[in-house]
Amino acid sequence: MRLPEEHDERGTGKPVVYTVLAVSLFVLAILAVVYFSNTRTGGRNQARRPVAASPSPTPEEEMEFAEGQADIEALYKENKLRAEDLDFWDMYQSGGEVIIEEEPKTSPSPTPSHEPTDEELAADGEHVKVALKDGTEEWHEISKDIPLYTYDFTNIKITAGKMEYYQDGEPTSCLGVELSENSGNVDFEALKDFGVDFVMLRLGSRGYETGLLSLDKNFVSNITKAQNAGLEVGVYFFSQAVSEKEAVEEAEFVTNNLVPYKISYPVAYVMEYISNDECRIDSLDAENKTAVAKAFLSYMDREGYRTLLYGTKDWLLGELEPEELLEDYDVWLNDQTPVPEYPYEFKLWKYAVRQKINGVENDVPYIISFVDYTRK
């Protein structure tokens, strides 16, 4: 005779057994898939371990197994799994710690830099535009190592073409003119009376084609008359040297021709291209032109003369290496704009050319000197 409790326990226990059996068969199916996959990748010659026979399932169990096996195979094929993908036991070490390999971090790609426009470069106060011989233009960053000019151009007064610079209400500049044999006859007494303080005389030049050194035809007459009239005198040499050796040769030429005279203003080094014609220095790059200029100026320094490096903004910044020269030598700037764009310090400024000046036959340039070299 069965008790009601026994009937209930047996009725509920059978489905539980089937459920456990189905789960076990499901796990066995997964392991079988792994086993056969590893067997294929391992090669045909590997020995196969015998698999213990399991008891024959009932028809209901076979149906459940077939359905579970079909689901596993479908999952396996859809995701293209390999045996290695199911081998997760290597994640655990003997200590029970889980090893998780981190994916490599990719560094972010750099943000493309903004290329400044001409308007931005012109407005930032840190660049200056330079025109080159071939007609191209480029922006140069203003160096922090070269002294900048500090002139306040609102302190300049121009009367009848004559420029004066004032500080604290008093004129502190000197007025000069540039002269050579091309200026024609010069009345130096009239220049003195006109208000000119000094003259820059061309001492000589090197031929831009022949390379020969020559003395300016009017140099001796000009320097003699200028000093007799009480004008201060400086000189310049027009160079076409293509080597440091030739630059020293030019400097020796200048010192030899200055032996009879004592000058109070500097010796200026002038190198320029020839307009609409080829010249000797066309083949020189900035490094070579800089070396040539330095050879001339350093020689004159050793001889005890004050020196000037002459040029336009484009020449000084585009045709030479500014860092090699502008820190050591005074500059004579050639610029006819109301306010020069040249950023660095300059002592002389040729601010006007082709001027009709009392006492000079032909038109000549005006020069202002912000330094009285007679007091240096």
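Residues numbered from 1 in each chain as written. Predicted model: local features only at pLDDT ≥ 70, side-chain atom pairs only at ≥ 80, totals over all residues. Heavy atoms only, no water.

Draft legend 1. Main features of the overall build of the protein chain. On a plain count of helices and strands, the protein chain comes out with 10 helices and 14 strands. Residues classed as buried in the protein chain amount to 37% of the 376 residues present. Pairs at least 24 residues apart make up 62% of the contacts formed inside the protein chain by residues separated by at least 6 positions. Split by element, the accessible area of the protein chain, about 23500 Å² in all, is 50% carbon and sulfur. (Helix = DSSP H or I, 4+ residues; strand = E, 2+ residues; numbered from the N terminus. Buried < 20%, exposed > 50% of the residue type's maximum accessible area, 1.4 Å probe, protein only. Contact = heavy atoms within 4.5 Å. Areas by Shrake-Rupley, 256 points an atom, 1.4 Å probe, with all protein chains shown as cover.)

Draft legend 2. Summary view of helix H6 (residues 219-228). Restricting attention to buried positions, one finds in H6 the residues Phe 219, Asn 222, Ile 223 and Ala 226. The arc that holds every buried residue of H6, seen down its axis, measures 90°, which confines them to one face. Where H6 is buried, its residues meet helix H5 (188-194), strand E7 (198-206), strand E8 (213-215), strand E9 (232-239) and helix H7 (244-258). Gly 230 sits one or two residues past H6 and shows a positive phi near 85°. (Arc of directions from axis to C-beta.)

Draft legend 3. Seen up close, the pairing of E9. Within E9, 7 of the 8 residues are buried, which leaves it mostly tucked inside the rest of the structure. As paired strands, E7 and E9 are joined by 7 bridges and run parallel to one another. Residue Gly 204 lies in a different strand from E9, and its bridge partner there is Phe 237. With H7 bridging E9 and the parallel strand E10 (residues 267-271), this β-α-β connection has right-handed handedness. (Pairing = 2+ DSSP bridges. Right-handed = clockwise from strand over helix to strand, strands pointing away.)

Draft legend 4. Summary view of the pattern of salt bridges. Counted under the stated rule, the structure contains 15 salt bridges. With a closest N to O distance of 3.8 Å, Asp 314 and Lys 313 form a salt bridge. Under the relative-accessibility criterion, Asp 314 is labelled partly exposed at 24%. For Lys 313, a relative accessible area of 14% gives the class buried. One network of salt bridges, in which partners are shared, links Asp 118, Lys 129 and Glu 137. (Salt bridge = Lys/Arg side-chain N within 4 Å of Asp/Glu carboxyl O.)

Draft legend 5. Region of interest: the confidence of the model for the protein chain. Per-chain confidence: the protein chain averages 84 in pLDDT, with 71% of residues scoring 70 or above. Scored below 50 in pLDDT, residues 1-12 shows 1 contact in the model against residues more than four places distant or in partner chains. (pLDDT = per-residue confidence, 0-100.)

Draft legend 6. Geometry of H7. Compared with the 21 Å implied by 1.5 Å per residue over 15 residues, the 21 Å span of H7 between its first and last C-alpha is a close match. Residues Glu 246, Ala 247, Glu 250, Ala 251, Phe 253, Val 254, Thr 255 and Leu 258 constitute the buried set of H7. Those residues of H7 that are buried are in contact with E7, E8, H6, E9, E10 and helix H8 (286-302). (Expected span 1.5 Å × (residues − 1).)

Draft legend 7. Main features of the packing of aromatic side chains. Counted under the stated rule, the structure contains 24 aromatic pairs. The interplanar angle of 75° and the centroid separation of 6.0 Å between the aromatic rings of Tyr 236 and Trp 332 together place this pair among those described as edge-to-face. Within this pair, whereas Tyr 236 is found in strand E9, its partner Trp 332 is found in strand E12 (residues 330-334), the two being separated by 96 residues in sequence. Tyr 236 sits in the buried class, given a relative accessible area of 8%. Seen from their ring centres, Phe 346 and Phe 370 are 5.9 Å apart, and the 75° between their planes marks the pair as edge-to-face. (Phe/Tyr/Trp six-rings, centres within 6.5 Å; stacked < 30°, edge-to-face > 60°.)

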